[in-house]
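A structural walkthrough
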Amino acid sequence: MKHQNQTVGYNLTASKFQWDIAPGKTITAWGFNNQIPAPALKGKVGDTMVIRVKNDLEEPTTIHWHGLRIPSSMDGTGVVQEPIKPGETFEYRFQLPDAGTFWFHSHVNETVQMERGMYGALIVEDPAEQVITDAEKIFMIDDMKLDAKNRFTKPGWLFPRIKERHDGRQGNTLLINGKENPMINVHAGQRERWRFINSSSARYFYLYIGGKPFQIIGTDGGLLESPITVNKILLTPGERIDVIAGPFKEGENILIESLAYNRMTFLKSKRQAFATVQVGKERSSITNIPEKLRKIEPLAQQDAPVTRKIKFSVGPSLKNGMNFLINNKVHVDDKPVKAGELQIWEISNTSLMDHPFHLHGEFFQVIEENGKAPGYRAWKDTYNLIPGSTIKIAWMPDNRLGMWMYHCHILEHHEAGMMANFEVIDGSKDDNQHSHHVHRH
Ligand SMILES: [Cu+2]
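An account of the accompanying structure is given in this report. (Residues numbered from 1 in each chain as written. Predicted model: local features only at pLDDT ≥ 70, side-chain atom pairs only at ≥ 80, totals over all residues. Heavy atoms only, no water.)

Quick notes on unusual backbone geometry
A cis geometry characterises the amide bond from I36 onward to P37, with omega recorded as -10°. Here P37 is to be found in the loop between β2 (25-32) and β3 (41-44). Residue P247 is bonded to the preceding G246 through a cis peptide linkage, with omega at 5°. Here P247 shows up in the loop between β17 (240-245) and β18 (253-258). In this structure, N177 is a non-glycine residue whose phi angle is positive, near 50°. Its location among the elements puts N177 in the loop between β10 (173-176) and β11 (183-188). (Helix = DSSP H or I, 4+ residues; strand = E, 2+ residues; numbered from the N terminus.)

Here it is, written out as structure tokens:
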């Protein structure tokens, strides 16, 4: 039976509240509907989602819908929207074009607002999808930097401040779905779909499930062509991954961990546990994972001519110790692109640390990484650039004209300048009719 498109309504209220991250461990959070994460928003492909956001904080905010291919005016950034002032309400309204694991988060003063909990999952299902699992869970990964009294801290001294700017804020308190080391209950013999979302400021989450193999079935922009079996996978800030976990044996206790990943920070990376999976009584399984999940048509060949070059780098700054740069500048206005004109962007990272590149409102395909074609095709909106690397991405701007942006998804780097605004313009008009010069971010 064909799915009848529906309108799905949600109310989100941003406010300050007390939140228990563990028994007896309470923080003053900022978030939506008094919970971290916000309630998961769910819809089906083709549905219209209407989300009324009331701001009960003492400062302005907006919401960015990470990964959703929606109109520019709904993207939630400072160039497309007046921030929602304290006491005001704004209605976001858009159709859900793609199935997948998406998320939303504030896009004003992110290093404070997101750090304190202003994020949630947005799941879009496709009723025609063939994947069947016994259960489904969403895991939003985060960390918070708290002092001994569970307060959020900002480094006061110059060197710690430079370190946090350099590394991004990496917390000492690890969270899955707003809780410290939660118990995850599963049944023996069953297989579940786990949707991981890295909503942290800067932490590289290197997923490891007790060494057990799991299957990756989806990335940022929905299903892969075929499942890929691994026993670890890196998830950088902003990225999502759908995996099939299990079957496990009754009585097993398995840690969900992040392995150490050296992204060239001052802070040394360690292997750390985020949650414990407790395996209960055996149950029968109805899971079915087809070998062919879907077809992803290639947007371009590896040797397609480059239409734009983007360089991520770090330079000295008298005021802050260092600046985070795009093409040698901070907070950049990049050239427009024309709707319907294939984009082949060569993005290089000449700095000595990793940066996750995020493009708003579009999916891209990585067609080359350091001279090689990637192992499999996937739709992405966030992709990690290791030091000294160069990738080529292909994407096709459609008719959603207006302002968009790309940036490093380490929030402190974004704030320190590693971001650019650009416009998607009508392909039938010439460039100099358009000259938005904006410097907000
Ligand atoms: Cu960065």
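As for the pairing of strand β8 (residues 119-125)
Most of β8 is tucked away, with 6 of its 7 residues classed as buried. Two elements, β3 and β8, share 4 bridges in a ladder whose sense is parallel. Within the sheet, the bridge partner assigned to G43 lies in β8 and is V124. Relative to β8, strand β7 (residues 100-106) is paired through 6 bridges, and the arrangement is antiparallel. Within β8, the residue paired with G100 across the bridge is V124. (Buried < 20%, exposed > 50% of the residue type's maximum accessible area, 1.4 Å probe, protein only. Pairing = 2+ DSSP bridges.)

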